[in-house]
Amino acid sequence: MRRNHWLIPFVGATALLVTSVGPAVAQVEEEPLDLQARVEERVGLQNGGIVVVTIRDDEVTTAAAGIANDAGDPLTVDTPMILHSPASSLTQVIALSLVDTGLLDLDALVTDYLPDAPVGDGATGRDLLEYRAGTQNIWDVLYDEADDVDQLVVDPDRTWTGDDLVALLDPSAAGVAGEPSSSYSDTLLIIQIIEAVSGQDFSAALDEYIVQPLGLAGTVHAAGDVEPPDGRAAGWSDWASDTPVYVTDDWEAARTFRPTYSTAADLAVFLQALLEGRLVSPELLDETMWDPDVEEFAYGLVRSNDELFPAAGPLGADYFGDYGWTPFGSFAYYAVDPATGDLVV
């Protein structure tokens, strides 16, 4: 498995959920699902909360329950929250937009754009976007197994950046291009390539290629001079304390290195636009929805079924999505059915 996620059990964590629905409701529920009631039942009296947006047969249903942060803001479909690994899909779409404009060539060597990139010999842009560039697993680099020391918590006041992490990757330790590698490390390099070929930082590229064309109100990459959005959600976790607390999203963002925020409503718009071909060309979209019998990943989307997303569809159903969580008490998740356009956020 190439994905590299923090793995934790979570209860009452602030959550952004997007998953395929389609025929799942009809097969699992004999009566229409009261989504709001189900979400409220799940959250119960716990802190944190859940937000869900579903689109099925062009009908939009929303549900939300819980508190977003220690300021007491209610959690809604318009509450910004950090995305974690699902930010990869936004990153990949920006890269594909640059392919469409002729600024990026998927068949060119990664080192044509980043001469010192810590990738396997001969790794191409296509390898990078498919997480096959031979990069080291950054989590293995950060964690000293012998001493049981995690560099992320050695200095809790340090703010790590993607460039900091790439600098830790050893080019001489890179694997074979074309073989499975670290999705997290590869994504950090994709961001660097986007900045190199577009001539702007990633925050500006996200704004130009996704936020402005779609009119998104709560999506931002908070790096450099770009501030995190107001009213944003924070995780709810006991990972860093004896009792559960709201973990400030700024601390969390510093530890996930990709401080990209979005809302459930924005992600639903983004996913619809992607499936409708409004963000990348039909040819590249076809490559994104690749042959599931051949590949596991394609351009930031994971092919899966109920084994990965047990609430998303009937046994054996295939759909595309991404997910990620951290020990700081938040979870992000989505999937879409490209055949029907159904999704859940």
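Below you will find a few notes about this structure. All figures in this text were calculated on a predicted structure; none of them were measured in a lab.

1. Points about the packing of aromatic side chains
Then, number 1: Considering all chains together, one arrives at one aromatic pair under this definition.
Then, number 2: Ring centres of Trp-139 and Tyr-184 lie 5.0 Å apart, and the angle between their planes is 80°; this geometry places the pair in the edge-to-face category. Separated by 45 residues along the polypeptide, Trp-139 in helix H6 (residues 138–142) and Tyr-184 in helix H9 (residues 183–198) bring together distant segments of the chain. Pair check on accessibility: Trp-139 and Tyr-184 agree, each one buried.

2. Side note on helix H12 (residues 264–275)
Then, number 1: Helix length check: H12 (twelve residues) gives 17 Å between terminal C-alpha atoms against 16 Å at 1.5 Å per residue, within 8%.
Then, number 2: The complete set of buried residues in H12 reads Ala-264, Asp-266, Leu-267, Ala-268, Phe-270, Leu-271, Ala-273 and Leu-274.
Then, number 3: Where H12 terminates, the next one or two residues include Gly-277, which has phi positive at roughly 75°.

3. What about the packing of helix H3 (residues 87–100) against H9?
Then, number 1: At a minimum axis distance of 10 Å, the contact between H3 and H9 shows a crossing angle of 35°. Relative to H9, the crossing made by H3 is left-handed. Facing Ser-88, Thr-91, Gln-92, Ile-94, Ala-95 and Leu-98 of H3, the residues of H9 in contact are Thr-187, Ile-190, Ile-191, Ile-194, Val-197 and Ser-198.
Then, number 2: A class-by-class count of the residues in the contact of H3 with H9 yields seven nonpolar, five polar and no charged.

4. Remarks on the nonpolar core
What tends to happen in soluble globular proteins is that the nonpolar side chains get buried as a cluster.
Then, number 1: Within the largest apolar cluster, 66 residues are counted, with the highest numbers of intra-cluster contacts made by Ile-94, Ile-194, Ile-210 and Phe-270.
Then, number 2: Once you skip the residues sitting within four places of it in the chain, Ile-210 turns out to touch Leu-90, Val-93, Ile-94, Ala-205, Leu-216 and Phe-270.
Then, number 3: Formed by eight residues, the second largest nonpolar core is a distinct cluster that contains Val-39, Val-52, Ala-65 and Val-344.

5. As for the pairing of strand S14 (residues 330–336)
Then, number 1: S14 sits mainly inside the fold: seven of its seven residues count as buried.
Then, number 2: Burial along S14 is two-sided: Ser-330, Ala-332, Tyr-334 and Val-336 facing one way and Phe-331, Tyr-333 and Ala-335 facing the other are all buried.
Then, number 3: Judged from the two bridges that link them, S14 and strand S15 (residues 343–344) form a sheet pairing that is antiparallel. Counterpart to Ala-335 in the pairing with S15 is Val-344.
Then, number 4: Hairpin connection, S14 to S15: the antiparallel pair is bridged by six residues, and Gly-341 has positive phi, about 85°.

What counts and what doesn't
- Residues numbered from 1 in each chain as written.
- Predicted model: local features only at pLDDT ≥ 70, side-chain atom pairs only at ≥ 80, totals over all residues.
- Heavy atoms only, no water.
- Phe/Tyr/Trp six-rings, centres within 6.5 Å; stacked < 30°, edge-to-face > 60°.
- Helix = DSSP H or I, 4+ residues; strand = E, 2+ residues; numbered from the N terminus.
- Buried < 20%, exposed > 50% of the residue type's maximum accessible area, 1.4 Å probe, protein only.
- Expected span 1.5 Å × (residues − 1).
- Axes fitted to C-alpha atoms, helices over the stretch in contact; angles between N-to-C directions.
- Left-handed = near helix turned anticlockwise from the far one by under 90°.
- Contact = heavy atoms within 4.5 Å.
- Nonpolar A, V, L, I, M, F, W, Y, C, P; charged D, E, K, R; others polar.
- Core = buried A, V, L, I, M, F, W, Y, C linked by side-chain atoms within 4.5 Å.
- Pairing = 2+ DSSP bridges.

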